[in-house]
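Now for the letters of each chain:
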Amino acid sequence: MATKSKLLRMDNVLLVVDDLDAVKEFFIELGMELEGEATVEGPMVGKLIGLDNVRATLAMLRPPDGQGGIELDKFHTPASVRFGPINAPVNTLGLRRVMLVIEDIDEVVARMQTSGFELIGEMDYEDSYRLAYIRGPEGIIVGLSEPVGNT
């Protein structure tokens, strides 16, 4: 019987965006760090992702602990395709949010609102977490989680 390979970790989540600079700044404001930015193009890239004539700029962001990350891609060719409304509700099918663990949820929410981002809602989850959902550029939803108590 063959040995089953095992998952080692999740490296990143891809978000395709139109305004790379605005989305990048949103995640940097939340505490992510820009690991690098590059433009990729050519047949090898196209073969990997199943598109022809690909040219895209990507930015890789990581949290301060270096674990996981968010890759932002701005496609120059072929043009990106928008599917559904920008401010889709949280129950829309598909990837709906990224959750970040933070310190001082009140300060982060206030800072993000001062920067013009929408607070969707917030709550205390039992005695374990304080949670908030923020909507950023292009309708991107980020969940904020602050452990409280004995967590």
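This text goes with the structure placed above it.
An account of the accompanying structure is given in this report. (Residues numbered from 1 in each chain as written. Predicted model: local features only at pLDDT ≥ 70, side-chain atom pairs only at ≥ 80, totals over all residues. Heavy atoms only, no water.)

### Re helix α1 (residues 20–29)
Within the sequence span of α1, burial applies to Leu20, Val23, Lys24, Phe26 and Phe27. End-on view of α1: buried residues confined to an arc of 155°, all on one side of the axis. At the exit of α1 stands Gly31, carrying a positive phi of roughly 115°. (Buried < 20%, exposed > 50% of the residue type's maximum accessible area, 1.4 Å probe, protein only. Helix = DSSP H or I, 4+ residues; strand = E, 2+ residues; numbered from the N terminus. Arc of directions from axis to C-beta.)

### So, the side chain of Asp73
Within the fold, Asp73 resides in strand β4 (residues 70–77). One buried charged side chain, Asp73, makes no salt bridge at all; its nearest oppositely charged neighbour is Arg62, positioned 12 Å away. For Asp73, the contacting residues outside a window of four places in its chain are Leu14, Leu15, Val16, Val17, Thr57 and Leu58. (Lys, Arg positive; Asp, Glu negative; His and termini not counted. Salt bridge = Lys/Arg side-chain N within 4 Å of Asp/Glu carboxyl O. Contact = heavy atoms within 4.5 Å.)

### Digging into the packing of aromatic side chains
Considering all chains together, one arrives at two aromatic pairs under this definition. For the pair Phe26 and Phe27, a centre-to-centre distance of 5.2 Å together with 75° between the ring planes defines the contact as edge-to-face. Judged by its relative accessible area of 0%, Phe27 is buried. Look at Phe26 and Phe117: their rings are 4.8 Å apart centre to centre, the planes differ by 65°, and that puts the pair in the edge-to-face class. Placement of the pair is Phe26 in helix α1 and Phe117 in the loop between α3 (105–114) and β6 (118–125), with a sequence separation of 91 residues. For Phe26, a relative accessible area of 1% corresponds to the buried category. An aromatic cluster of at least three residues, connected via ring pairs, comprises Phe26, Phe27 and Phe117. (Phe/Tyr/Trp six-rings, centres within 6.5 Å; stacked < 30°, edge-to-face > 60°.)

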